[in-house]
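Single-letter residue listing:
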Amino acid sequence: MVAGDFCEVYTEPDSWDCVATCFFIDTAHNVLDYLETIWKVLKPGGVWINLGPLLYHFENMANELSIELSYEDIRAAIVKYGFQLEVERESVKTTYTENDRSMLRHVYDCVFFVARKPARVYANGDREEDATGDREEDADGDREEDATGDPEEDGNDDREEDATGDREEDDEACIAPPCAKSPRRESGLT
């Protein structure tokens, strides 16, 4: 971690495999500047993980310019930049710097998402083969042939085969950010 302005400190293109932003994106004067910086510094195939509310620290400060976008607008910008949203949860109730001995507790209504920068994107929207030789979806959402020459499914069936050859449902609803552990929660006290 480095102290300083995020957009000025992190400038090296394609230098990070992952960027994690926790209670962070609403600290920007312009959240789109953060989004642009994250896109620039992530390596192709890199992942952006975000958890936090949209409280916008500068919105009520005199003489401070601030652009406060809704999550729907931020999501549209994320997709427009080219990120692929892999996991997305709205209204995740989360605490921040909770004191287990205090009766005062702040709970934030947060957005959690995992977005991936595609490995390679060409001008026509096609994507290059990944490390396994499989082709990713093209601009129409259809799947291309994999390295064996077998056509892949076109995305109409969200099930995957497990090791036994059975098909399982792809259940993203099970994926959620981990909860913080505290002695009170472990012992069942509230």
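Here is what the cut-offs are and how they apply
- Residues numbered from 1 in each chain as written.
- Predicted model: local features only at pLDDT ≥ 70, side-chain atom pairs only at ≥ 80, totals over all residues.
- Heavy atoms only, no water.
- Patch = residues over 30% accessible without salt bridge, like charges linked within 9 Å, V, L, I, M, F, W, Y side chains within 5 Å.
- Areas by Shrake-Rupley, 256 points an atom, 1.4 Å probe, with all protein chains shown as cover.
- Salt bridge = Lys/Arg side-chain N within 4 Å of Asp/Glu carboxyl O.
- Lys, Arg positive; Asp, Glu negative; His and termini not counted.
- Charge placed at Lys NZ, Arg CZ, Asp CG, Glu CD.
- Helix = DSSP H or I, 4+ residues; strand = E, 2+ residues; numbered from the N terminus.
- Buried < 20%, exposed > 50% of the residue type's maximum accessible area, 1.4 Å probe, protein only.
- Phe/Tyr/Trp six-rings, centres within 6.5 Å; stacked < 30°, edge-to-face > 60°.
- Lys NZ or Arg CZ within 6 Å of the ring centre and 35° of its normal.
- Pairing = 2+ DSSP bridges.
- Axes fitted to C-alpha atoms, helices over the stretch in contact; angles between N-to-C directions.

Observations regarding a negative patch on the surface
Then step 1. Taken together, the side chains of Asp5, Glu8, Asp33 and Glu36 define an acidic patch exposed on the protein surface.
Then step 2. Residue placement: Asp33 occurs in helix 2 (residues 31–41).
Then step 3. Given a relative accessible area of 35%, Asp33 falls into the partly exposed group.

Re the packing of aromatic side chains
Then step 1. Taken as a whole and judged by the stated rule, the model has 12 aromatic pairs.
Then step 2. Between Phe6 and Phe24, the ring centres sit 5.1 Å apart and the planes meet at 70°, which makes this aromatic pair edge-to-face. In this pair, Phe6 sits in helix 1 (residues 6–9) while Phe24 sits in the loop between strand 1 (16–22) and helix 2, placing the two residues 18 residues apart along the sequence.
Then step 3. Cluster of aromatic residues (ring-pair linked, three or more members): Trp39, Trp48, Tyr71, Tyr81, Phe83 and Phe113.
Then step 4. Over the ring of Trp39 we find Lys117; its NZ or CZ atom is 5.0 Å from the centre of that ring.

Overview of the sheet that holds strand 3 (residues 84–95)
Then step 1. Sheet architecture is open: four strands sit in the order 1-2-4-3, paired in mixed fashion. With partners counted over all chains shown, the strands left at the sheet margins are strand 1 and strand 3, one partner each. Within this sheet the neighbouring strands show an average axis-to-axis angle of 15°, counted without direction.
Then step 2. Here six bridges tie strand 1 to strand 2 (residues 42–52), and the two strands are oriented parallel to one another. Residue pairing in the sheet places Val19 in a bridge with Trp48 of strand 2.

Let's talk about the pattern of salt bridges
Then step 1. A full pass over the atoms with the stated rule returns six salt bridges.
Then step 2. Where Lys43 meets Asp17, a salt bridge forms, and the shortest distance between an N and an O atom there is 3.6 Å. A residue pair is termed long-range when its members are at least 10 positions apart, and Lys43 in strand 2 and Asp17 in strand 1 qualify at 26 residues.

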